[in-house]
Amino acid sequence: MSAAGRAFAAALLALAGTAGAGEIKSGSAFLSPQMQRQQADQARNPGWLWVEQGEELFSRREGDAPGCISCHADPGRSLRGAAARYPQIDAASGKLINLEGRIEQCRAVRQKRPALGHESQELLGLAAYVASLSQGVPVSVSAEGAAKPYYEAGKAFYERRQGQLNLACTQCHDGLVGRKLRGDTISHGVGTGYPAYRLEWNGLGSLHRRLRACSLGVRATQFDYGSDDYLALELYLAVRARGLPVEAPGLRR
Ligand code: HEC
Ligand code: HEC
């Protein structure tokens, strides 16, 4: 580790342990009041542009393939609450999938169309649209049965020190909650606002993109979008967030 890296890690650890664990809050609770208002205002939160594009795509037919809407009529009712139950075990494969994975599966299996691809504007739009239909619905994922090993792996990941800075997620997102780091206020690190519009990205991004940023921040391995490692972590974060409302599309710095 570089001297600067060591000094940074030491300074962080000197702060750690003081902030309370307590009740888990959404990431938006740590934004400035101004950004909170902007997130809540559909006209000023740019994430809604992706929601609109997603809705348009959802309703469109592509060639012979049935549109999403042909199977998911009245999505405001039929898909309300769906996003709050992801990630979940896919009955067909027995594997953990997240919302983006489910959408890609519908596309491949039910529409027989090529995958949209991680972080494509189309997939982000569809995920943001479907997630927005669950705004206000409390997160209620299952960590039982076939999901249990993923939950355990996600928890171990969350608690494991990693990277050149040798920091675990928990050291920042439990130990340093409320402290400032490079202009951000450290939150509990839950994913209820994702996909989110980040000013730094100048666009919408998935939770896995945010996780890659945190991995890079501690100079640790960045796992692939949709990897089992990040899916397991996503499940663990969702269990931490149980009962908190879905807020996507969030707005972040
Ligand atoms: C060095 C401290 C640090 C470590 C270690 C760290 N993060 Fe973060 N993380 C941050 C900061 C700073 C932010 C941006 C402010 C915020 O929302 O907390 C952030 C943001 C996040 C967010 C987005 C929250 C939101 O609402 O936008 C998630 C999710 C997250 N981190 C998860 C993790 C996970 C999982 C790990 C472990 C792999 C991790 N972080 C490791 C500092 C850290
Ligand atoms: C031919 C019919 C069909 C088409 C077209 C289709 N789906 Fe689905 N979709 C389904 C079925 C059936 C399920 C239930 C799958 C399961 O549980 O295995 C489902 C499940 C879902 C779910 C999860 C719902 C839940 O409660 O967990 C989402 C989200 C979803 N589809 C989104 C989409 C999107 C977005 C598209 C267009 C890209 C799409 N679907 C196209 C049939 C379809």
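## Digging into the coordination of the iron atom of ligand 2
Then, in step 1: Protein coordination at the iron atom of ligand 2 comes from H72 (NE2) and C106 (SG), with a distance range of 2.0 to 2.2 Å.
Then, in step 2: Viewed at the metal, the six donor atoms of the iron atom of ligand 2 are separated by angles of 87 to 178 degrees, and the geometry they form is octahedral. One end of the pair, H72, is in the loop between α4 (68-71) and α5 (75-78); the other, C106, is in helix α6 (residues 99-110), and 34 residues separate them in sequence.

## As for the layout of surface pockets
Then, in step 1: Reported here for the largest pocket is a volume of approximately 1,300 Å³.
Then, in step 2: Along the walls of the largest pocket sit 49 residues, with H173, D184, R198, R210 and C214 positioned nearest its centre.
Then, in step 3: Of all the elements in the fold, those that place two or more residues in the lining of the largest pocket are α1 (3-15), α8 (148-159), α9 (169-173), β3 (180-181), β4 (184-185), α10 (207-217) and α11 (228-240).
Then, in step 4: It is α10 that contributes the most residues to the lining of the largest pocket, ten residues altogether.
Then, in step 5: Broken down by class, the residue content of the lining of the largest pocket amounts to 27 nonpolar, eleven polar and eleven charged.
Then, in step 6: In this structure, the second largest pocket encloses a volume near 620 Å³.

## A closer look at the packing of aromatic side chains
Note on aromatic pairs: each is described by the distance of the centres and the angle between the planes.
Then, in step 1: As enumerated under the stated definition, the model contains seven aromatic pairs in all.
Then, in step 2: Aromatic side chains F157 and F223 sit 5.6 Å apart centroid to centroid with 70 degrees between the ring planes, which places their arrangement in the edge-to-face category. With a gap of 66 residues between them, F157 in helix α8 and F223 in the loop between α10 and α11 connect regions that are remote in the sequence.
Then, in step 3: Judged by relative accessible area, which is 4%, F157 ranks as buried.

## A look at the site of ligand 1
Then, in step 1: Neighbouring ligand 1 are 24 residues, the closest being C169, C172, H173, Y194 and C214.
Then, in step 2: One nitrogen or oxygen atom from the main chain of S187 is found 2.7 Å from an oxygen atom belonging to ligand 1.
Then, in step 3: Its atoms largely coinciding with the cavity grid, ligand 1 occupies the largest pocket.
Then, in step 4: Within the residue set of the shell around ligand 1, elements represented by two or more residues are α9, β4, α10 and α11.
Then, in step 5: The greatest single-element share of the shell around ligand 1, amounting to four residues, is contributed by α10.

## Quick notes on the domain arrangement of the chain
Often, the extent of an interface is quoted as the loss of accessible area upon association of its parts.
Then, in step 1: Partitioning the chain into domains gives domain 1 (3-41 + 147-252) and domain 2 (47-132).
Then, in step 2: Taking the mean C-alpha position of each, domain 1 and domain 2 sit 25 Å from one another.
Then, in step 3: Each partner contributes to the interface: domain 1 provides 22 residues, whereas domain 2 provides 20 residues.
Then, in step 4: Roughly 1,700 Å² is buried in total at the junction of domain 1 and domain 2, and carbon and sulfur atoms are behind 70% of that figure.
Then, in step 5: Contact with domain 2 buries surface across domain 1, with Y150, L204 and P249 losing the most and accounting together for 30% of the total.
Then, in step 6: For the pair domain 1 and domain 2, the number of links is zero salt bridges.
Then, in step 7: There are four residue pairs in polar contact (both at pLDDT 80 or more) connecting domain 1 and domain 2.
Then, in step 8: When contributions to the side of domain 1 that touches domain 2 are tallied by element, the ones reaching two or more residues are β6 (203-205), α10 and α11.
Then, in step 9: Top element by residues in the side of domain 1 that touches domain 2 is α11. It accounts for six residues.
Then, in step 10: Residues belonging to the side of domain 1 that touches domain 2 are distributed by class as follows: 13 nonpolar, six polar and three charged.

## Remarks on α8
Then, in step 1: Over its twelve residues, α8 extends 17 Å from the first C-alpha to the last, a length consistent with the 16 Å expected when each residue adds 1.5 Å.
Then, in step 2: All of the buried residues in α8 are Y150, Y151, G154, F157 and Y158. Down the axis, α8 shows its buried residues gathered within 125 degrees of arc, on one side only.
Then, in step 3: Of the surrounding secondary structure, the elements contacted by the buried residues of α8 are β1 (88-89), β2 (96-97), α9 and α11.

Analysis parameters
- Residue indices follow the written sequence of each chain, beginning from 1 at its first position.
- Both sets of labels track the order of writing: A upward for chains, 1 upward for ligands.
- pLDDT decides what is reported in this predicted model: residues at 70 or higher carry local features, side-chain atom pairs at 80 or more are listed and counted, and totals for whole chains, interfaces and linings draw on all residues regardless.
- In computing side-chain properties, one takes all heavy atoms of the structure into account and sets aside hydrogens as well as water.
- The donor set comprises N, O and S atoms within 2.8 Å of the metal, extended to 3.2 Å for Na, K and Ca; water molecules are omitted, so apparent gaps in a site may simply reflect that omission.
- Just to be clear on the cut-offs, tetrahedral is four donors with all angles between 85 and 135 degrees, square planar is four donors and octahedral six with opposite donors over 155 degrees apart and all others between 65 and 115, and anything else goes down as irregular.
- By definition, any uninterrupted DSSP run of H or I lasting at least four residues is a helix, any uninterrupted run of E lasting at least two residues is a strand, and each is numbered from the N terminus.
- Only protein atoms enter the 1 Å grid used here. Points where a 1.4 Å probe fits but cannot escape make up a cavity, open sets with protein on both sides within 12 Å along at least five of seven lines make up a pocket, and a residue lines them when an atom lies within 4 Å of a point.
- Grid points are joined across faces, edges and corners, and a volume is the space filled by probe spheres set on the points.
- Basically, the charged four are Asp, Glu, Lys and Arg, the nonpolar ten are Ala, Val, Leu, Ile, Met, Phe, Trp, Tyr, Cys and Pro, and anything else, Gly included, counts as polar.
- Planes of paired rings set the category: under 30 degrees apart is stacked, over 60 is edge-to-face and the rest tilted, where pairs are Phe, Tyr or Trp rings (Trp by its six-membered ring) whose centres lie within 6.5 Å.
- The buried label goes to any residue with under 20% of its type's maximum accessible area, the exposed label to any with over 50%, and the partly exposed label to all in between, with areas taken from a 1.4 Å probe on protein chains only.
- Consider each residue's heavy atoms; a residue with any of them within 4 Å of a molecule or strand counts as near.
- Under this definition, polar contacts are N or O atom pairs within 3.5 Å; protein pairs additionally need one hydrogen-donor-capable and one acceptor-capable atom, and for neighbouring residues in sequence, both atoms have to be side-chain atoms.
- Molecules are considered to sit inside a cavity or pocket once more than half of their atoms lie within 2 Å of its grid points.
- The domain limits used here are those given by an automatic or database domain assignment.
- Throughout, a residue-residue contact means that at least one pair of heavy atoms, one from each residue, lies within 4.5 Å.
- Joining two parts hides part of their accessible area as seen by a 1.4 Å probe, and the buried area is that hidden amount summed over both.
- Counted as salt bridges are all cases of a side-chain nitrogen of Lys or Arg within 4 Å of a carboxyl oxygen of Asp or Glu.
- For a helix, the expected span equals 1.5 Å multiplied by the number of residues minus one.
- By definition, the arc is the one covered by directions from the helix axis to the C-beta atoms.

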